[in-house]
Amino acid sequence: MMKWDGHTHTQFCYHGNDAPLEKYVEQAIALGFTRYSVTEHPPIPVGWVNNESLFQELAMPEQELEQYFAYVQQVKLKYQDQIEVTIGLELDYLHGRTDYTDELISKWGHLLEDVVYSVHYLPGRDGMYCVDFTAEDFTKNLLQYYGSMDTLIDIYFDHVELAIEHASRLSMRKRIGHLNLITKFAHKLPPVSEPLMRERLEQLLPLLLESGVGVDINVAGLRVATCEQAYVPSWFITKATELGIECVYGSDAHKPEQVGLFWDWYEQNMS
Ligand SMILES: [Zn+2]
Ligand SMILES: [Zn+2]
């Protein structure tokens, strides 16, 4: 099995860390990784969320994207004899604004080797809200708006299905990001129906198979105190792997020391 971290961030993420990308890559080399995908959050439309200070933290401004690609390219070349660094983005499924992503791809798609395609935003109280910001924000603007966790779970997976459909149109390697991100604050929220979760996840398998979209086996939830679970359940990894759907480890590192965390968990689940 190739030791590959398929989902990582850089100093171009303003809710992360300002350590240079070199530090992340050197950590990956030290841990024996042979491929390392840099998948930063791309810009999002101005005013996408109402909370202005949050907006500033979510993604780089549009004018930085060119600099980001040049920088990753430079790091890729610098370490090419030690590790394969691939250039990527963690694209957002922008409900109602997929034209924004299409435009971004038409401009920059030729540089992209890896895409993680993620659902971070859902329509809520009076606009778009992050499913992964805080439990308080989630409760006030999403849970109370939809009325129950189960309704919210259904809406979330409807969006994941749309994200898979959009991702399927991309020509580079692509994976659906952290499938169960909606469970990030599970310990602080009302319980969700496990049969419903399982049903909605199972329904994704044929879609993934047909579309050629892989799965980001995102372990970041294991380091979140309110979650303590990977964002893809073990049983799903087993089924997806049996079907031949690509399942790629993703540390979702937002700081260098997070690179490679819980690789053992991934390896055990893949064997
Ligand atoms: Zn991030
Ligand atoms: Zn993400």
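Above this text sits the structure in question.
A look at the coordination of the zinc ion (ligand 1)
With distances of 1.9 to 2.1 Å, the protein atoms coordinating the zinc ion (ligand 1) are His15 (NE2), His41 (NE2) and His254 (NE2). Of note, the zinc ion (ligand 1) draws all its donor residues from one chain, in the sequence arrangement H-x25-H-x212-H. The distance between the zinc ion (ligand 1) and the zinc ion (ligand 2) comes to 5.4 Å. Of this pair, histidine 15 sits in the loop between strand S1 (4-5) and helix H1 (21-30) while histidine 41 sits in the loop between strand S2 (35-40) and helix H2 (52-58); the two residues are 26 residues apart in sequence, bridging distant segments of the chain.

With respect to the side chain of arginine 35
Topologically, arginine 35 is positioned in strand S2. When near neighbours in sequence (up to four residues on either side) are disregarded, arginine 35 contacts Met2, Lys3, Trp4, Asp5, Ile83, Glu84, Thr86 and Arg173.

A short note on the coordination of the zinc ion (ligand 2)
Around the zinc ion (ligand 2), the protein supplies Glu90 (OE), His120 (NE2) and His178 (NE2) as donor atoms, at distances of 2.0 to 2.2 Å. Taken in sequence order, the residues that donate to the zinc ion (ligand 2) follow the motif E-x29-H-x57-H. Look at glutamate 90 and you get buried, because its relative accessible area is 0%. Here histidine 178 falls in the buried class, since its relative accessible area comes to 1%.

A short note on the environment of leucine 189
Mapped onto the elements of the fold, leucine 189 is located in the loop between strand S7 (173-176) and helix H7 (194-202). Residue class for leucine 189 comes out buried when judged on its relative accessible area of 11%. In this structure, the C-alpha to C-alpha distance between leucine 189 and lysine 174, residues 15 residues apart in sequence, is 31 Å.

Re the side chain of aspartate 252
With respect to the helices and strands, aspartate 252 occurs in the loop between strand S9 (247-250) and helix H10 (263-270). At 3.0 Å, the side chain of aspartate 252 and the side chain of histidine 9 are in polar contact. With sequence-adjacent residues up to four places away left out, aspartate 252 is seen in contact with His7, His9, His178, Asn218, Ala220, Arg223 and Gln258.

Here's the deal with helix H6 (residues 149-167)
With 19 residues, H6 should reach 27 Å at 1.5 Å per residue; the first-to-last C-alpha distance of 26 Å fits that figure. Buried within H6 we find Met149, Leu152, Ile153, Tyr156, Phe157, His159, Val160, Ala163, Ile164, His166 and Ala167. Each buried residue of H6 sits inside an arc of 165 degrees when the element is viewed along its axis, so together they form one side.

Some thoughts on the sheet that holds S9
Read across the open sheet, the 7 strands follow the order S1-S2-S3-S4-S7-S8-S9; overall the sheet is parallel. The open sheet has two free edges, formed respectively by S1 and S9, since each of these has just one partner strand. Strand contacts of helix H3 (residues 65-78): S2 and strand S3 (84-92), with the helix running at about 155 degrees to S3, the strand carrying the most contacts. H10 rests against S1, strand S8 (214-218) and S9 of the sheet, and its axis sits at about 165 degrees to S9.

Re the nonpolar core
In a soluble, globular protein the nonpolar side chains are often hidden away together inside. Residues Phe138 and Val215 are the most contacted members of the largest nonpolar core, which totals 92 residues. Broken down by element, the residue count for this core peaks at 9 residues, all from H6. In this structure, valine 215 is in contact with Arg175, Ile176, Leu179, Leu208, Val232, Phe236, Ile245, Glu246, Cys247 and Val248, ignoring residues within four places of it in sequence.

Some details on the pattern of salt bridges
Tallying each qualifying case throughout the model produces 13 salt bridges. Lysine 78 is paired through a salt bridge with glutamate 22; the nearest N and O atoms lie 3.8 Å apart. Of this pair, lysine 78 sits in helix H3 while glutamate 22 sits in helix H1, and the two are 56 residues apart along the sequence. What makes lysine 78 exposed here is its relative accessible area of 51%. Lysine 188 is paired through a salt bridge with glutamate 136; the nearest N and O atoms lie 3.5 Å apart. Pair noted here: lysine 188 is in the loop between S7 and H7 and glutamate 136 is in helix H5 (residues 135-146), with a separation of 52 residues, a long-range link. Residue classification places lysine 188 among the exposed residues on the basis of a relative accessible area of 51%.

With respect to the packing of H1 against H3
It is at 11 Å that the axes of H1 and H3 come closest, and there the two elements cross at 35 degrees. Handedness of the H1/H3 crossing: right-handed. Each of Leu21, Glu22 and Val25 in H1 lies in contact with H3, whose residues at this interface are Tyr71, Val72, Val75 and Lys78. Tallied by class, residues from the contact of H1 with H3 come to 5 nonpolar, no polar and 2 charged.

Procedures and definitions
Residues numbered from 1 in each chain as written. Chains lettered and ligands numbered in written order. Predicted model: local features only at pLDDT ≥ 70, side-chain atom pairs only at ≥ 80, totals over all residues. Heavy atoms only, no water. Donors = N, O, S within 2.8 Å, 3.2 Å for Na, K, Ca; no water. Helix = DSSP H or I, 4+ residues; strand = E, 2+ residues; numbered from the N terminus. Contact = heavy atoms within 4.5 Å. Buried < 20%, exposed > 50% of the residue type's maximum accessible area, 1.4 Å probe, protein only. Polar contact = N/O pair within 3.5 Å; in protein donor to acceptor, adjacent residues only side chain to side chain. Expected span 1.5 Å × (residues − 1). Arc of directions from axis to C-beta. Pairing = 2+ DSSP bridges. Axes fitted to C-alpha atoms, helices over the stretch in contact; angles between N-to-C directions. Core = buried A, V, L, I, M, F, W, Y, C linked by side-chain atoms within 4.5 Å. Salt bridge = Lys/Arg side-chain N within 4 Å of Asp/Glu carboxyl O. Left-handed = near helix turned anticlockwise from the far one by under 90°. Nonpolar A, V, L, I, M, F, W, Y, C, P; charged D, E, K, R; others polar.

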